[in-house]
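# Understanding the architecture of this molecule
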Amino acid sequence: MTNVLTVKGLKKSYGTQMALAGIDFEVRAGEVFALIGPNGAGKTTTLRIIATLLTPSEGDIAFLDHDLRKEPGLVREKISYLPEEAGAYKNMKGLDYLHFMANFYALDSEEEKTFVDRAVAITELGDRLKTKVGTYSKGMTRKILLARALMTKPVLAILDEPTSGLDVINALEVREIVRRYVKEGTSVLLSSHNMLEIEFLSDRVAMIDKGRILDSGTPAELKEKHQAKNLEEVFRSSLR
Amino acid sequence: MKRFVNLLKKEIKELVTIQLVVSLAFTIMLFNFIGQMSRKEVQKAVGVQTISSLDLDDSASSRAILTGLASARFKIERIEGKTKEQAIDIARGGDSKLLLVIPAGFGDSLKDLKPSQIETYSYMRSFSLIGARGSAIVRGVISALNNVLSDRFIKSRLPDLDPASLKNPIKSKDFVIVHDRMAEASASEIAGMVSSQSMLIPIVLMMIVIYSSQMVISAVAMEKQNKTLETLLTVPIRRTSIITAKMFAAGLVGLISAVVYMFGFKSFMGGIGGDELKAATSQSGAVMRQLGLYFDTTGYLILGASLFLAILVALALAMILGVLAEDFRSAQTMIMPLMFMVMIPYFISLFADINTVPLPVRIFILAIPFTHPFLVSQNLYLGNYGMIIGGLVYMLVVFTVLVVFAARIFSTDKILTMKLRFGKKRTATA
């Protein structure tokens, strides 16, 4: 299986504060790779670097055949990023927002329509898309943001806590949508605190703490290696 | 280009809200309303006004005063057979704004060359300047009568002399020279005309700069507050395009807002000035043309270029300040340094000559980019092209440096990590 993303010796520091102390991992084509760890472990910093928002202090990042540091513009064409605390333009109608975002990726109006139709199907919001985003509930906003991230069928979708703040039903729907798009060829780099979600979605997992990867593998491999019943126990075992 | 246009459209739509349109429409209506009201007041003031008079003398001289006032478009309401105190009470109950009391013996005193005194009682029914115009006209009429009477006395005593030559043995004729052109006018008149003609430039600049800057700062701060900035920075569009789209949209909307405000302001000023101001402007315009103190096409282009560069500098600076703002509320605070930078040269240009202030102060003032558009009109009139070109180049350099700096911020982590909190230490977070 080919690698979509290869990260080697990634370091990031803010002044004297070291956020990432050298991490290595790769995301393979058509898989969900998850980063799990406590708050401040370096998950979001890693995702932000891969999303071209932050520049690494050291290390190499290859996305397909692009050097992420040298060709961020080309990388942005093929990825999409859903931040943990993301919002949409409140004065825009949902449909207008989707068109606005699709326009950046589409080659022509026909492709833009295809992207938007796909997003409309993901959101299942129907006529509510004709109302302003400012009137949406948190779940509706999160769905439209997820739809925005997946509508272009990116090579790599970077999802930071995709179900953050959602109720059980909405969270389940979001997970199913992610799973469906992975089947259609999108690779996913995911971060979550929710071990249940990680177990449901992820093909492979990396445990991260204090800017270092403690362990990685498939959920089954990790559970067997740490003789644990679930990923929470694996994580606790990794921290020891 | 398609992506840039897409972003630009979004930025304009974000800025042109119903609140903005309503606010602009309301401003025009308000200015227009005040202008109309002022015009009516002016018309009332220059129209026929009622004055009460108590002529206790009833001599030829006292009648001459009242005739003079009637010819100055005053309606005289004569109060007869009353004492001064009674006349004051009667006039208080009527519409008169002024009571003129001519004491008994007024005419005889004048004949005997003794100082004569008349009394005026102004009824302050409002404190508007236009409302108080009546007493000023009465004073003017009395001054004219004084002249006539004193001329008559001089003529009777010294028939061979011209009273005007006796009263004003030295006559002055004022000329103003600007470069190789000359016109009959006083320097203070010309300075007044130039400053009144140039008055609109700083006001326009202040409005556009403040509006546009506020919009840019708010646009960036709102992206942060609404958590849309991170997503926008990861879409396939150049960071410089994001900056340009925000600046262009804010500049455009700011310009339209300023034009609307200026339209309203013009309507307001037109109301205050009325026909008298138009006539005065037409006369002074002829003198200004004679002195070459007017803008030709090149002059307007230079002035436009200077204003445009100042706006660009303000927008670039606002973009950087917007990055420092944490949210919309802190963005409102961020506009303050920019406002001071515009207001300092504005007030200095109102009260002082920049060429005569001490050198360190002059350097400080000239270092503020917004000073140069304020000076352009004067420098154009005086032919100081070195100062004009220097100012344009300086603003271009400042703009370039600021845009490069803004682009650098947008291309690095600083767009997400730079924050300025007032009252707290500057911090970098991720």
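Residues numbered from 1 in each chain as written. Chains lettered and ligands numbered in written order. Predicted model: local features only at pLDDT ≥ 70, side-chain atom pairs only at ≥ 80, totals over all residues. Heavy atoms only, no water.

### Points about the overall build of chain A
Counting secondary structure elements, chain A contains nine helices and 10 strands. Summarising its shape, the C-alpha atoms of chain A cover approximately 50 × 40 × 35 Å along the three principal directions. Expressed as a percentage of the 240 residues in chain A, the buried residues total 55%. Across chain A, contacts joining residues at least 24 apart in sequence account for 66% of those joining residues at least 6 apart. Accessible area of chain A: about 10600 Å², with a carbon and sulfur share of 48%. (Helix = DSSP H or I, 4+ residues; strand = E, 2+ residues; numbered from the N terminus. Buried < 20%, exposed > 50% of the residue type's maximum accessible area, 1.4 Å probe, protein only. Contact = heavy atoms within 4.5 Å. Areas by Shrake-Rupley, 256 points an atom, 1.4 Å probe, with all protein chains shown as cover.)

### Let's talk about unusual backbone geometry
Residues and elements named next belong to chain A. The phi dihedral of glutamate 161 is positive, around 50°, even though this residue is not glycine. Assignment of secondary structure puts glutamate 161 in the loop between β7 (156–160) and α6 (168–183). Taking relative accessible area as the criterion, glutamate 161 reaches 8% and is therefore assigned buried.

### Quick notes on the interface of chain A and chain B
Contacts between the two partners involve 29 residues from chain A and, on the opposite side, 24 residues from chain B. In total, chain A and chain B occlude about 2700 Å² of area from one another, counting both sides; carbon and sulfur atoms represent 54% of this. Summed over the shared surface of chain A and chain B, the number is three salt bridges. With its nearest N and O atoms 3.4 Å apart, the salt bridge here joins Lys227(B) to Glu85(A). At the level of elements, β1 (3–14), α2 (72–78) and α3 (94–105) of chain A are the ones that each hand at least two residues to the side of chain A that touches chain B. The leading source of residues in the side of chain A that touches chain B is α3(A), at six residues. Split into classes, the residues belonging to the side of chain A that touches chain B amount to 17 nonpolar, five polar and seven charged. (Buried area = accessible area lost by both parts, 1.4 Å probe. Salt bridge = Lys/Arg side-chain N within 4 Å of Asp/Glu carboxyl O. Nonpolar A, V, L, I, M, F, W, Y, C, P; charged D, E, K, R; others polar.)

### Regarding the sheet that holds strand β2 (residues 17–28) of chain A
Residues and elements named next belong to chain A. With antiparallel pairing, four strands are arranged side by side in an open sheet as β2-β1-β4-β5. Strand pairing shows two members of the sheet lacking a second neighbour, β2 and β5 (66–67), which therefore form its edges. Packing of helix α1 (residues 43–50) onto the sheet brings it into contact with β1, β2 and β4 (58–63), and relative to β1 it is tilted by some 120°. (Pairing = 2+ DSSP bridges. Axes fitted to C-alpha atoms, helices over the stretch in contact; angles between N-to-C directions.)

### Observations regarding helix α1 (residues 2–15) of chain B
Compared with an ideal rise of 1.5 Å per residue, which puts 14 residues at 20 Å, α1(B) spans 20 Å between its outermost C-alpha atoms and is within 8% of the ideal. Within the sequence span of α1(B), burial applies to Phe4(B), Asn6(B), Leu7(B), Leu8(B), Lys10(B), Glu11(B) and Leu15(B). (Expected span 1.5 Å × (residues − 1).)

### What to know about the environment of Gly211(A)
Residues and elements named next belong to chain A. The topology assignment puts glycine 211 in the loop between β9 (204–209) and β10 (212–217). Given a relative accessible area of 0%, glycine 211 falls into the buried group. A sequence separation of 190 residues divides glycine 211 from alanine 21, and the C-alpha atoms of the two residues are 5.0 Å apart. Contact partners of glycine 211, with chain neighbours within four places excluded, come to Ala19, Leu20, Ala21, Gly22, Ile23 and Ala41.

### Observations concerning the confidence of the model for chain B
Low-pLDDT portions of the prediction should not be read for the details of their coordinates. Residues and elements named next belong to chain B. The predicted model of chain B has a mean per-residue pLDDT of 79, with 86% of residues at 70 or higher. Within chain B, the lowest mean pLDDT, 42, falls on strand β8 (residues 427–428), and the highest, 90, falls on helix α16 (residues 385–411). Throughout residues 423–430 the model reports pLDDT below 50, and contacts reaching past four residues in sequence, or to other chains, amount to 11 contacts. Overall fold confidence for the complex sits at a pTM of 0.71, while the interface term, ipTM, reaches 0.89. (pLDDT = per-residue confidence, 0-100.)

### With respect to the packing of aromatic side chains
Residue and element names in this part refer to chain A. Counted according to the given criterion, the structure contains four aromatic pairs over all chains. Here phenylalanine 100 and phenylalanine 104 contribute two aromatic rings whose centre-to-centre distance is 5.0 Å and whose plane-to-plane angle is 75°, an arrangement assigned as edge-to-face. Pair noted here: phenylalanine 100 and phenylalanine 104 are both in helix α3, with a separation of four residues, about one helical turn. A relative accessible area of 0% means that phenylalanine 104 is categorised as buried. (Phe/Tyr/Trp six-rings, centres within 6.5 Å; stacked < 30°, edge-to-face > 60°.)

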